Amino acid sequence: MTQTTTATRAAPKRDVVPVRHWGRMAGAAVVALLVLGAAYSFATNPNFEWSVVGQYLFAKTVLKGLLLTLEMTVIGMVIALVLAVVIGVMRMSPSRVIAGVAAAWVFLFRGVPLIVLLILVGNLGLFFKNITLGVPFTGVVFWSAPVGQVVTPFVASVIGLSLAGSGYMAEIVRSGLLAVGKGQHETAKALGLNRAQTLRHIVLPQALRVIIPPLGNESIGMLKASAIVSVIAGGDLLTVVEGISGINFRTIEMLIVATIWYLLVISVYSVAQYFLERRAAER
């Protein structure tokens, strides 16, 4: 026993050399060269006028379009989230009628392409002349206005983004609610809480951990999808740069301007989402 211990202690120390993956290193070098080559070719291409990009990057019209994009995205996100919570809860209702209506809502607004939805909403004036509030079947009217005055391109854009987003977010909310075990509901019932109190104080706080990550991704998707409102001249960032490119005929440069702003906003949002997810996970 003593001889074995002495021999073990006397054994020389050996440095552990990690295995070198030459194929992986070669692949990384090739990818890096390709990326650098593409970036160099793009930056030095004589067909791109980078001075135009710098000229319009902080132009007032471009910044106004960016602000409008952020406004419609935030408003659309808030409305979509409220609708999603309502639809998600309705889908879990014991009533087949309520659950069926919620399922039909999700099916409709997940199935209709956003561009089709925006065009339909943007052309409501072709179907209805006025928007009227009053008592049905009585002729009593409290307020009435032409559709064109109420449903402006901005309003139509917000409505389209909200409806389309609610269809996807409702499923995110429902998955988060389903992630909370039935034991939580039974415990809340034993404590004397009703369904609304259970949902507010027990289920939703726990479901947020599951809901927040995909909801953040959906928010980024809505920001990018806001570019589609250019089909109805929604006044967003893409609409503005397309209008400018129609004047200076520098389409690619103006698209680069829009791309830079989209990437910048998404980068800032991604950082905020990261800290929000960490905060929710710690609760």
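Anyway, here's the lowdown on the structure attached to this text. On a predicted model such as this, the values are computed, not experimentally measured, just so you know. Note that residues are indexed from 1 along each chain, following the sequence as it is written. The predicted nature of this model means local features are confined to residues of pLDDT at least 70 and side-chain atom pairs, given and counted, to a pLDDT of 80 or more, with totals for whole chains, interfaces and linings taken over all residues. Where side-chain values are given, they derive from all heavy atoms of the structure, hydrogens and water being excluded.

This paragraph deals with the overall build of the protein chain. Regarding its fold elements, the protein chain presents 12 helices and 2 strands. The secondary structure listing takes helices from DSSP runs of H or I that are at least 4 residues long and strands from runs of E that are at least 2 residues long, numbered from the N terminus. The order of α-helices and β-strands along the protein chain, N terminus first, is α-α-α-α-α-α-β-β-α-α-α-α-α-α. Expressed as lengths along the three principal axes of its C-alpha atoms, the size of the protein chain is roughly 105 × 75 × 30 Å. Restricting to contacts in the protein chain with at least 6 residues of sequence separation, those with at least 24 account for 73%. Carbon and sulfur atoms make up 68% of the accessible area of the protein chain, which amounts to about 18400 Å² in all. By definition, residues are in contact when any of their heavy atoms lie within 4.5 Å. Areas reported as accessible are Shrake-Rupley estimates using a 1.4 Å probe. Residue values count occlusion only from the protein chains shown.

What counts as an axis is a line fitted to C-alpha atoms, over the stretch in contact for a helix, and the angles between N-to-C directions run from 0 to 180 degrees. The contact between helix H4 (residues 60-91) and helix H5 (residues 96-111) brings their axes to 7 Å, and the two run at 135°. Looking at the two axes, H4 sits oblique to H5. In this structure, the crossing between H4 and H5 has a hand that is left-handed. Along the contact surface, H4 presents Leu83, Ile87, Met90 and Arg91, while H5 presents Ile98, Ala99, Val101, Ala102, Ala103, Trp105 and Val106. Under the convention adopted here, Pro, Cys and the residues Ala, Val, Leu, Ile, Met, Phe, Trp and Tyr are nonpolar, Asp, Glu, Lys and Arg are charged, and Gly plus all remaining residues are polar. Here the residues of the contact of H4 with H5 sort into 10 nonpolar, no polar and 1 charged. Here the word oblique covers every angle except those under 35 degrees (roughly parallel), over 145 (roughly antiparallel) and from 65 to 115 (roughly perpendicular). Handedness of each helix crossing follows the sense of rotation of the near helix against the far helix: counterclockwise by less than a right angle gives left-handed, clockwise gives right-handed.

Here, the term nonpolar core denotes a set of buried Ala, Val, Leu, Ile, Met, Phe, Trp, Tyr and Cys residues that are joined through side-chain atoms within 4.5 Å. Burial classes: relative accessible area under 20% of the type maximum marks a residue as buried, over 50% as exposed, and values in between as partly exposed (1.4 Å probe, protein chains only). Residues Leu114, Leu117, Leu161, Met169, Ile211 and Met222 are the most contacted members of the largest nonpolar core, which totals 33 residues. Mapped by element, the contributors of at least two residues to this core are H4, H5, helix H6 (114-122), helix H8 (153-179) and helix H10 (195-225). Element by element, the count of residues in this core is highest for H8, at 10 residues. Excluding residues within four positions of it along the chain, leucine 117 makes contact with Phe109, Val112, Gly160, Leu163 and Ala164. By size, the runner-up hydrophobic cluster in this structure holds 24 residues, among which are Val52, Val62, Val240 and Ile266.

Each aromatic ring pair is specified by the distance between its two centres and by the angle formed by the two planes. Aromatic rings from Phe, Tyr and Trp, with only the six-membered ring used for Trp, were paired whenever their centres fell within 6.5 Å, and each pair was classed as stacked if the ring planes differed by under 30 degrees, edge-to-face if by over 60, and tilted otherwise. Under the defined criterion, the tally for this structure stands at 3 aromatic pairs. Geometrically, the ring pair formed by phenylalanine 58 and tryptophan 261 is edge-to-face, given 5.6 Å between the ring centres and 90° between the ring planes. Of this pair, phenylalanine 58 sits in the loop between helix H3 (50-57) and H4 while tryptophan 261 sits in helix H12 (residues 251-282), and the two are 203 residues apart along the sequence. Taken together, a centroid distance of 5.3 Å and an interplanar angle of 75° make the contact between tyrosine 274 and phenylalanine 275 edge-to-face.

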